[in-house]
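Architecture at a glance
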Amino acid sequence: PPAPPAATPAPTSFAFGLAATREGDAVPPASAPGSGGFEVEQALDRVISEALFLKALRSYHKLEGDVLVHPGFEVPHELPWPRECWGVSLGQLCREARREAQRDEDFAKLSKLGRSLGGLGFTWDGEKTHWRGMLAGLRCYHAMHGNLRIPSHFAVPREAPWPRYCWGMRLGRSVYSMDFWYKHIMNKAERRADLSAVGFDWQRLQSEYNIVLDALVAYKTRHGDLHVPTGFVVPDDDDAFPAYTWGLKLGLRVHRIRTKGDYVSENPARWFQLDNLGFVWDPREYAWLLTLSALKMYRERFGHCRVSQGFVVPTTAQQGGLAESEPWPRELQGLRLGQRWDSMRRKGTYGVYSDPERKAALKKLGFLLPVRRPQGVRDNAYDQFYTALKQYRLVHGDARVPQSFVVPKAADWDEDLWGYRLGQRINDVRNKGRYFKGVGEDIATERRVALDSLGFVWKQTRGRAKKARAAAEKPSGVRGEQDEEALEDMKVLLDVVLDEEDEGSVETS
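A short tour of the structure in this document, coming up. Only a predicted model underlies this, so the values are computations on that prediction, with no experimental measurement involved.

1. Some words on the overall build of the protein chain
A tally of regular secondary structure across the protein chain gives 19 helices and 0 strands. When burial is assessed residue by residue, the protein chain has 37% of its 509 residues classed as buried. Sequence separation of 24 or more characterises 57% of the internal contacts of the protein chain that already satisfy a separation of 6 or more. Accessible surface for the protein chain amounts to roughly 30,100 Å². Of this, 50% is attributable to carbon and sulfur atoms.

2. Examining helix 5 (residues 126-145)
With 20 residues, helix 5 should reach 28 Å at 1.5 Å per residue; the first-to-last C-alpha distance of 29 Å fits that figure. Along helix 5, the residues that are buried comprise Thr 129, Trp 131, Gly 133, Met 134, Leu 135, Gly 137, Leu 138, Cys 140 and Tyr 141. Buried residues along helix 5 sit in contact with helix 2 (90-103), helix 6 (171-175), helix 7 (178-185) and helix 8 (189-197). In this structure Asp 125 caps helix 5, since a side-chain oxygen of it lies 3.0 Å from the backbone nitrogen of Glu 127. Backbone geometry just downstream of helix 5 places Gly 146 in the positive-phi region, at approximately 80°.

3. Concerning the packing of helix 12 (residues 283-302) against helix 13 (residues 337-347)
For the pair helix 12 and helix 13, the least separation of the axes is 11 Å and the interaxial angle reads 110°. It follows that helix 12 is roughly perpendicular to helix 13 by the angle criterion. Across the interface between the two elements, Ala 287, Trp 288, Thr 291, Ala 294, Leu 295 and Tyr 298 of helix 12 pack against Leu 337, Arg 340, Trp 341 and Met 344 of helix 13. Residue composition of the contact of helix 12 with helix 13, grouped by class: 8 nonpolar, 1 polar and 1 charged.

4. Things to note about the layout of surface pockets
A volume near 350 Å³ is recorded for the largest pocket. Lining the largest pocket are 18 residues, and of these Ser 152, Arg 173, Glu 208, Leu 248 and Arg 253 sit closest to its centre. At the level of secondary structure, the elements contributing two or more residues to the lining of the largest pocket comprise helix 6 and helix 9 (208-223). Its residues assigned to classes, the lining of the largest pocket comprises 5 nonpolar, 7 polar and 6 charged. In this structure, the second largest pocket is lined by 14 residues; those nearest its centre are His 223, Asp 225, Arg 330, Glu 331 and Gln 333.

5. Quick notes on the pattern of salt bridges
Applying the stated criterion across every chain, the model contains 14 salt bridges. Taking the shortest distance from any N to any O, the salt bridge between Lys 55 and Glu 84 comes out at 1.9 Å. On the criterion of sequence distance, the pair formed by Lys 55 in helix 1 (residues 50-64) and Glu 84 in the loop between helix 1 and helix 2 is long-range, its members being 29 residues apart. Judged by relative accessible area, Glu 84 falls into the partly exposed class, the value being 25%. For the salt bridge of Arg 358 with Glu 285, the shortest nitrogen-to-oxygen distance reads 2.6 Å. One end of the pair, Arg 358, is in helix 14 (residues 356-365); the other, Glu 285, is in helix 12, with 73 residues separating them in the sequence. The class for Glu 285 is partly exposed, based on a relative accessible area of 32%. Connected via shared salt-bridge partners are Glu 285, Asp 355 and Arg 358.

6. Observations regarding unusual backbone geometry
Note the cis peptide between Leu 79 and Pro 80, where omega equals 10°. At the junction of Ala 160 and Pro 161, the peptide bond is cis and its omega measures out at 5° in the coordinates. Note that Pro 161 resides in the loop between helix 5 and helix 6. Look at Asn 187: it is not a glycine, yet its phi comes out positive at around 65°. Position of Asn 187 relative to the elements: it lies in the loop between helix 7 and helix 8. Here the phi dihedral of Tyr 350 falls at roughly 65°; this positive angle occurs in a residue that is not glycine.

7. Here we look at the packing of aromatic side chains
Tallying each qualifying case throughout the model produces 31 aromatic pairs. Between Tyr 209 and Tyr 263, the aromatic rings sit 6.0 Å apart at their centres with planes inclined by 50°, giving tilted as the arrangement. Placement of the pair is Tyr 209 in helix 9 and Tyr 263 in the loop between helix 10 (250-260) and helix 11 (268-277), with a sequence separation of 54 residues. In this structure Tyr 209 comes out as buried when scored by relative accessible area, which is 5%. Aromatic pair Phe 232 and Phe 241: ring centres 6.2 Å apart, planes at 40°, arrangement tilted. Of the two residues, Phe 232 and Phe 241, neither departs from the other in class, the shared state being buried. Pairwise contacts between aromatic rings join Tyr 176, Trp 181, Phe 200 and Trp 202 into one cluster. Note that Arg 301 overlies the ring of Trp 328, its terminal NZ or CZ placed 4.8 Å from the centroid. Above the face of the Phe 456 ring, Arg 430 is positioned so that its terminal group lies 5.8 Å from the ring centre.

8. Quick look at the environment of Ala 399
Relative to the assigned elements, Ala 399 resides in the loop between helix 15 (379-396) and helix 16 (422-432). Counting along the chain gives 52 residues from Ala 399 to Leu 451, while the straight-line C-alpha distance between them is 9.4 Å. With sequence-adjacent residues up to four places away left out, Ala 399 is seen in contact with Leu 389, Tyr 392, Leu 454, Gly 455 and Phe 456.

9. Observations regarding the environment of Val 313
Along the chain, Val 313 turns up in the loop between helix 12 and helix 13. Residue classification places Val 313 among the buried positions, given a relative accessible area of 0%. Between the C-alpha atoms of Val 313 and Leu 337, which are 24 residues apart in sequence, the distance is 6.6 Å.

10. Section: helix 7
Every buried residue belonging to helix 7 is among Phe 180, Trp 181, His 184 and Ile 185, and all of these are buried. Mapping the buried residues of helix 7 onto a view down its axis gives an arc of 105°, with all of them on the same face. Tucked inside the fold, the buried residues of helix 7 contact helix 5, helix 6 and helix 8. Phi for Asn 187, located one or two positions after helix 7, is positive at around 65°.

11. Some thoughts on the side chain of Gln 391
Mapped onto the fold, Gln 391 is located in helix 15. Owing to a relative accessible area of 11%, Gln 391 belongs among the buried residues under this scheme. Leave out the neighbours within four places in its chain, and Gln 391 touches Asp 412, Trp 413, Asp 414 and Leu 417.

Rules used throughout
Residues numbered from 1 in each chain as written. Predicted model: local features only at pLDDT ≥ 70, side-chain atom pairs only at ≥ 80, totals over all residues. Heavy atoms only, no water. Helix = DSSP H or I, 4+ residues; strand = E, 2+ residues; numbered from the N terminus. Buried < 20%, exposed > 50% of the residue type's maximum accessible area, 1.4 Å probe, protein only. Contact = heavy atoms within 4.5 Å. Areas by Shrake-Rupley, 256 points an atom, 1.4 Å probe, with all protein chains shown as cover. Expected span 1.5 Å × (residues − 1). Polar contact = N/O pair within 3.5 Å; in protein donor to acceptor, adjacent residues only side chain to side chain. Axes fitted to C-alpha atoms, helices over the stretch in contact; angles between N-to-C directions. Parallel < 35°, antiparallel > 145°, perpendicular 65-115°, else oblique. Nonpolar A, V, L, I, M, F, W, Y, C, P; charged D, E, K, R; others polar. 1 Å grid on protein atoms, 1.4 Å probe; cavity = no way out; pocket = protein on both sides within 12 Å on 5 of 7 lines; lining within 4 Å. Points joined across faces, edges and corners; volume = space filled by probe spheres on them. Salt bridge = Lys/Arg side-chain N within 4 Å of Asp/Glu carboxyl O. Phe/Tyr/Trp six-rings, centres within 6.5 Å; stacked < 30°, edge-to-face > 60°. Lys NZ or Arg CZ within 6 Å of the ring centre and 35° of its normal. Arc of directions from axis to C-beta.

Now the structure itself:
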């Protein structure tokens, strides 16, 4: 059987095995078992020597003035950084040095590397390093802005004089959080003093729900309601909102409360708190009720329901010159009521056509919706038919259209009707109920009345005997007049025959 693998002794010092830092360098392999070295991390692309680590850290100290290295920092590929250090994961190596110091109490004091790091001011506690880096960033912000009212979306620029430890960091979001309080401030009086010295906003250091709640209260005070648009962000330098809410994406927070139950799903007390504040849980329902209230007040104030499309509910300032005794409610001011009423009539906004209760509510106020054609009805086809029949009546004086009639290309007719088979369409209306099937009783009645007004003949008069008897009973006269009358009778009979043949009522022999 194969021999068991040799046990690797615990590392006794922080000695890096020599390895290549650049492709092509000829160096000895990584440290062998028993040599006292160890691997930094398997995720690292290469293992660097102890001397290279110190050289990179000394360069950082020279360029930045400290050794507060962020765990994710890598030496950039640019001057004045030493070329042999480019790409070195300096932040990870610093973290490994701290881990080694935790494993070996004598590492920081007795090892050569530990003494060298101590001489540079290296901090062996990672938590203290993070605190010092964040405090440096806060002091830099205060020096530039005179306060620490940091917007939540503010990101530290990647340039001097900002400390490199904070580059790209969301500074306000990082320090104004309960997590930062528990890890770095609680039970540390000297740190609280350091923060107070630079103007730290202690009111902002609370749970995110409390901040959102304060922003909602301020929003309602300004706008009169909590119908917060999804894209609304608390503006900076707006005294109507607490400074610690500036930059807060309030609209997004409200949307997540409605859809995902953020802050309230596991805390019913918060749900009741928001509900009592007037939180809008259903924006569409709220918009409908708001519009209905505005229409009711419009009827009361003006005495009619003819809302012009451009009407906007006036604000308190705009009502200064009006004779109205009371201003419109604050939540209605600025509402584009004309556009909403027009949209309800044309598009059925808020479901006023499909919801009988809402339709009845409008009718009760005197706002009547027009008869709406069901979906799928070819209104354009009927409109074209009606227009062609109306124009035929203007040209010929009646609506008795032969079945074979096709609109000619003549100046008396609109060009878009040229070639339209009006006679065939009339036959379809008589025999097949075209334009009247599946449209509803109201629309069918409306169309029947319109066609009757044009003199539409719903049932063509039949019977050749009747026409023949009428011709036989005529008194004799001049031969030429009889011929003309006989010719007219033949034309009428021909039209009748053509109609009957199309209907399939005439049998051919």
